[in-house]
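Examination of the molecular architecture
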Amino acid sequence: MELDVKAFKKEMSNRKEYVDSCLQKYLHNVEIQPAVIHEAMYYAVLNGGKRLRPILVFEGAILAGSRRETVMPLACAVEMIHCYSLVHDDLPAMDDDDFRRGKPTCHKVFGEANAILTGDALLTAAFELMSLNAQVEGVKPAYLIRVIGEIARAAGSRGMIGGQVIDLQSEGKAVDYETLRTLHSLKTGELFRASLRAGAILTGMNEAGVNALDDYARSFGLAFQITDDILDIKGNEELIGKPVGSDEKNHKTTYPSLFGLEKSYELARECVEACIASLERFGPEADFLRRLAAYVLIRES
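A brief report on the enclosed structure follows. Quantities reported herein were computed from a predicted structural model and do not represent experimental measurements.

**Re the overall build of the protein**
The secondary structure content of the protein amounts to 14 helices and two strands. Relative to its length of 301 residues, the protein is compact, with a C-alpha radius of gyration of 18 Å against a globular reference of 19 Å. Counting over 301 residues, the protein shows a buried share of 52%. Entry remark: accessible area of the protein is about 13,500 Å², with carbon and sulfur atoms responsible for 52%. The averaged location of the 44 negative side-chain charges in the protein is 4 Å from the averaged location of its 35 positive side-chain charges.

Put into structure tokens, the structure is as follows:
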């Protein structure tokens, strides 16, 4: 499909601004004691992220015929989980990064111990926030319980954390394609899957629809990771918000290191085609997801 890049960037900006306004609503006041932890939570969350995961939560709800407001607590909770993972990823014991989204990382500003606790606090707050969706009119408790379970699994040892462990174990080693794909499917892809599925499940989409969105999210997560690896080599540091070459510095196997840039881009393009094919059962209401998949191939950050 043809993509009007300027219009799509504006569309993404509008959605990001909406998510940011929702996050500000739910983050605790920085004056609540101990102030430093709440200030650090604000810093970690409200620092310019793309907000893809909450946007996917909202899209799942919209495709189920609901409204964004119905899943607002859930969407913000997923973003808090993502932000916690970034705070911990940046720590010296993990990726040891000094910058995130163009700003000093949380541990550089608040200290390593406070950064660890900030990640812990965001993860804990996320599940408190998910429970608030029980107060939203029309949300069935059984759907909410299922969603909380799926997100917990996606963020845990069989999902994001499991992928991070494989990532750490793989540093300095030559890993094969299957290991690399498993690593990123867990570390990045599972939370994408849970986000899109959660918005749809919470608002009552049938299983056939949820399965189609699951196929989309699997392919989207892989395309996103491949292009992330490409950007780490040839991206603009000012746009991606951190120094390029961190994967090479940390001796990580990436798609370009396995296949080269040209083949990696081809793999990403195939994933995007799979994304779009998975949405055949949906009409124009899924056009945003189609545009989002296409944009992954040309994103600059």
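Next comes the rest of the account.
**Examining unusual backbone geometry**
Following Gln33, the chain continues into Pro34 via a peptide bond in cis, with omega recorded as -5 degrees. Take Pro34: it is sitting in the loop between helix H1 (5–26) and helix H2 (35–45). In the Ramachandran plot, Asp96 falls in the positive-phi region, its phi being about 55 degrees despite a non-glycine side chain. With respect to the element layout, Asp96 can be found in the loop between helix H4 (72–89) and strand S1 (99–100). For Asp96, a relative accessible area of 38% translates into the label partly exposed. Of note in this structure, Arg101 is not a glycine but carries a positive phi near 55 degrees. Topologically, Arg101 is positioned in the loop between S1 and strand S2 (103–104). Note on Arg101: relative accessible area 22%, which makes it partly exposed.

**Details of the packing of H1 against helix H14 (residues 287–296)**
Viewed as axis vectors pointing N to C, H1 and H14 meet at an angle of 110 degrees, and their least axial separation amounts to 11 Å. Considering their axes alone, H1 and H14 lie roughly perpendicular with respect to each other. Pair H1 / H14 crosses with left-handed handedness. When H1 is examined against H14, the residues Val5, Phe8, Lys9, Glu11, Met12 and Arg15 are found in contact with a partner set consisting of Phe288, Arg291, Leu292 and Tyr295.

**Focus: the pattern of salt bridges**
According to the stated counting rule, one finds 25 salt bridges in the structure shown. Ionic pairing is found between Glu69 and Arg67, a salt bridge with its closest N-O pair at 3.3 Å. Assessed through its relative accessible area of 35%, Glu69 is described here as partly exposed. Close ionic contact of Asp167 with Lys252 constitutes a salt bridge, the shortest N to O distance being 3.0 Å. With a gap of 85 residues between them, Asp167 in helix H8 (residues 160–170) and Lys252 in the loop between helix H12 (246–249) and helix H13 (255–278) connect regions that are remote in the sequence.

**A closer look at the nonpolar core**
Membership of the largest hydrophobic core comes to 86 residues, with the highest contact counts inside it found for Ile81, Ile151, Leu213, Tyr216, Phe220, Leu289 and Leu292. Beyond its immediate chain neighbours, meaning those up to four positions away, Leu213 contacts Gly60, Leu63, Leu196, Ala200, Met205, Leu279, Phe282 and Leu289.

**Side note on the side chain of Arg100**
Mapping Arg100 onto the fold places it in strand S1. You can call Arg100 buried: its relative accessible area is 16%.

**Description of the side chain of Ser170**
With respect to the helices and strands, Ser170 occurs in helix H8. In contact with Ser170, not counting residues within four places along its chain, are Val175, Thr179, Leu183 and His251.

**Examining the packing of H1 against H4**
For any two helices packed against each other, one specifies the inter-axial angle together with the distance between the axes. At their nearest, the axes of H1 and H4 sit 10 Å apart, and the two run at 90 degrees to each other. The orientation of H1 with respect to H4, classified from their angle, is roughly perpendicular. From H1, Tyr18, Cys22, Leu23, Lys25 and Tyr26 reach across to H4, where they touch Met72, Pro73, Cys76, Glu79 and Met80. Its residues assigned to classes, the contact of H1 with H4 shows eight nonpolar, no polar and two charged.

Criteria and thresholds
Residues numbered from 1 in each chain as written. Predicted model: local features only at pLDDT ≥ 70, side-chain atom pairs only at ≥ 80, totals over all residues. Heavy atoms only, no water. Helix = DSSP H or I, 4+ residues; strand = E, 2+ residues; numbered from the N terminus. Rg over C-alpha atoms; globule rule 2.2 N^0.38 Å. Buried < 20%, exposed > 50% of the residue type's maximum accessible area, 1.4 Å probe, protein only. Areas by Shrake-Rupley, 256 points an atom, 1.4 Å probe, with all protein chains shown as cover. Lys, Arg positive; Asp, Glu negative; His and termini not counted. Charge placed at Lys NZ, Arg CZ, Asp CG, Glu CD. Axes fitted to C-alpha atoms, helices over the stretch in contact; angles between N-to-C directions. Parallel < 35°, antiparallel > 145°, perpendicular 65-115°, else oblique. Left-handed = near helix turned anticlockwise from the far one by under 90°. Contact = heavy atoms within 4.5 Å. Salt bridge = Lys/Arg side-chain N within 4 Å of Asp/Glu carboxyl O. Core = buried A, V, L, I, M, F, W, Y, C linked by side-chain atoms within 4.5 Å. Nonpolar A, V, L, I, M, F, W, Y, C, P; charged D, E, K, R; others polar.

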